[in-house]
Amino acid sequence: MAERVEQRLEDRVPELEQLERVGLFTRREIRAVLKKASALEYKIQRRALRKEDFINYIQYEINLLELIKKRRARIGYSFKKDEIENSILHRVHSLFNRAIGKWKEDIQLWLSHVAFCKQWNAKHQLSKVFSSMLAIHPNKPALWIMAAKWEMETQLSSESARHLFLRALRFHPECSKLYQEYFRMELMHAEKQRKEKKVFEQAKMDLGEFNYSEEILNGEMARIIYRDAAQKIKGVEFHLAVLSIAKLFDFTQDLQKEILESLQTKFADDPLTWDYMARRELELGSPQSTERTTKQMKVSGMTQREERCCAVFEEAVRAVPTENMWKCYLTFCLERYNRKTNSEELKQKRLERTLSVFNKAHESSLLPEASYKQWLQLLLESNLTEKAKEVAEAATKRFGQSVEMWQMRLQLLVQLKSDDVTQCFEEAIKHMKSKGTLPLWTLWVEWSEGTNSKEDTEALYQRSLHATTPAESVTMKVKYLDWTYRNGGYKKVRRVFTSLCENRPFSLDFFRKMIQIEKEQESCKMLHLREYYERALREFGSTDPDLWLDYIKEELSHPQGKPENCGSIHWRAMKMLQGDLVEDFVSKYTLLQTGHL
């Protein structure tokens, strides 16, 4: 092992000598590099190899390369790169290869090597990395796409990119993303050839020696890919994706028409098809802006296009009367409403249209639950409070078992300071029974605190403890303690705490809250703190090491504390704590003894 490390360090000597000779590093810095390299080498020559050691070594070498680059720029020296940088680059590639050989499944290692190759323009090496990576991870389409893009965009080799896509599709014959990127690549290749041909024609060069196929120039390869994919991939999303790609190229009108016809034939009842057809109206007939186009003309044109979109959506909700279809329509209306415009007239039209669509969807009983919240928000923004109340009530009638709908309605009534709040709370609790009602009880007691008498609020807190599920009641107990202390003082909260301790379950926060209250008193009694800690430990002593430690700290720091009790508490903790928690407790207890905790 030592011999191997010595050999590796000797291999570094020529590059380090060059660094010193040309003035990029000082002798002292060279010695520091050797010392660090020696430590890193020893770590990767051990029998039990660790991935972190390789990563640290690679990162150190990359930092060294970056430093050399900055030093070169500073002194304006650009020679001897073969002797210096290339030697380090070769070493980094070797380190990556060793690490990847050991941890082949680690995708991040592969990607780091790819990124390094790209950063230092190591094209030949990168080609090898991609080849090895795809041989080991052929099941990841994203890696095939990355390799094909590099071949197409960096190596300018459409043939290699095509070959990679075809290999990838043998592994993933139904991968939508692969087909999309292959489709895009063929259109990019066609566009590139069209531009080349145009340049040659403008230069009046003889095109005889260049083989420009009309089919490829017109995107026929992309058409073949689309047709092949359309037979294998189900769902409207793929067709919409390739259509959006095709629209990026100005020579694909026929191809776009074919995809659109297929879309309308195969997916006539899909909301996404209708959504696309409706939104398409925004682009169709959009006039080109000129200096003579007035603001009013622009507004008028936009209004007409949006109305055409809505006409298609209206037809859609009649043809496909589903929640998803209405959701598409509403999303469009809300997007248009939220667009900035200086025209108050257009803004108002968009608002009226959106509110009208919400209403129609609701009347059809096809408005999705989540959309009621959006509707309510829009009504409140428009100061239509009475209508907002009606909508909130209708939402709770339609979704009577939804806590969110009741919460939304109650928050509205509280916000509007309505007289119907208590009645609505009662109605909500009656509908919801007990499960999942914690948000409603929380809202109710918080509202009561600011509105009702202390007696009424306390009665409500006590009622909530019985009305919620045991798991939810623990939260109400903590809130009840806090409210009692704020409104009734220390003696009252002590009584409530004792009373609540008679009914499980509890949360740790419940006991912590009482401990905090006790510590806030001028005459904080250790006797009381012991009571709270002992009660808490009966419930959570087997799972919470920090509780034991806090108890010990209290005995050590409180004026009435008994440090002699700490040994007993420590012994009990060791007996009660489970599994790894004992080790956690021991390490923290040691820190406490040494004054570091």
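Residues numbered from 1 in each chain as written. Predicted model: local features only at pLDDT ≥ 70, side-chain atom pairs only at ≥ 80, totals over all residues. Heavy atoms only, no water.

The criterion, for reference: UniProt positions are given in the numbering used here, feature names are shortened, and annotations may be inferred rather than shown by experiment.
The chain is annotated in an unreviewed UniProt entry as UTP6 protein of Podargus strigoides. For the record of the chain, the UniProt heading Sequence similarities (unreviewed entry) holds the text "Belongs to the UTP6 family." Taken from UniProt, the Subcellular location (unreviewed entry) comment for the chain reads in full: "Nucleus, Nucleolus".

1. Some details on helix 14 (residues 271-283)
Heads up, the rule is: Each helix is a run of H or I in the DSSP string that is no shorter than four residues. Each strand is a run of E no shorter than two, and both are numbered from the N terminus. For a helix, the expected span equals 1.5 Å multiplied by the number of residues minus one. Exposure categories follow from relative accessible area, calculated using a 1.4 Å probe and restricted to protein chains: below 20% of the type maximum is buried, above 50% is exposed, and the middle band is partly exposed. Between two residues, a contact is recorded if the distance between any of their heavy atoms is within 4.5 Å. Throughout this description, a polar contact denotes any pair of N or O atoms lying within 3.5 Å of each other; where both atoms belong to protein, one of them has to be capable of donating a hydrogen while the other can accept it, and for residues adjacent in sequence the pair is counted only when both atoms sit in side chains.
The terminal C-alpha atoms of helix 14, which comprises 13 residues, lie 19 Å apart, in line with the 18 Å expected from a rise of 1.5 Å per residue. The complete set of buried residues in helix 14 reads Pro271, Thr273, Trp274, Asp275, Tyr276, Met277, Ala278, Glu281 and Leu282. The inward-facing, buried residues of helix 14 abut helix 12 (236-246), helix 13 (253-266), helix 15 (295-319) and helix 16 (323-338). Among the residues of helix 14, the N-terminal cap falls to Asp270, whose side-chain oxygen and the backbone nitrogen of Leu272 are separated by 2.8 Å.

2. Focus on the pattern of salt bridges
Selection rule: Think of a salt bridge as a Lys or Arg side-chain nitrogen and an Asp or Glu carboxyl oxygen that are within 4 Å of each other.
Applying the stated rule across the entire model yields 50 salt bridges. Ionic pairing is found between Arg72 and Glu85, a salt bridge with its closest N-O pair at 2.7 Å. Pair noted here: Arg72 is in helix 3 (residues 51-75) and Glu85 is in helix 4 (residues 85-102), with a separation of 13 residues, a long-range link. We note that Arg72, like Glu85, is buried. Taken together, the shared-partner salt bridges in this structure form one network comprising Arg12, Glu15, Glu61 and Arg91.

3. Comments concerning the environment of Ser131
For Ser131, the position within the fold is in helix 6 (residues 123-136). The spacing of Ser131 and Trp144 is 13 residues in sequence and 9.9 Å in space, taken between C-alpha atoms.

4. Some words on the environment of Phe96
By the secondary structure assignment, Phe96 is in helix 4. Relative accessible area serves as the criterion here: at 3%, Phe96 is assigned to the buried category. Taking the C-alpha atoms as reference points, Phe96 and Val129, 33 residues apart in sequence, are found 9.9 Å from one another. If near-sequence neighbours (up to four positions away) are discounted, Phe96 is found in contact with Ile58, Leu109, Ser112, His113 and Phe116.

5. A word on the nonpolar core
Heads up, the condition is: By nonpolar core is meant a set of buried Ala, Val, Leu, Ile, Met, Phe, Trp, Tyr and Cys residues that side-chain atoms within 4.5 Å join together.
Ranked by internal contacts, the top residues of the largest apolar core, which has 123 residues, are Phe183 and Tyr372. Per-element accounting of this core gives the leading share, nine residues, to helix 16. Look past the residues within four positions of Phe183 in its chain and what remains in contact with it is Ala222, Ile225, Tyr226, Val242, Ile245, Ala246, Leu255 and Ile259. Core analysis: the next-biggest nonpolar cluster, separate from the first, contains 57 residues, Ile429, Trp441, Trp548 and Ile569 among them.

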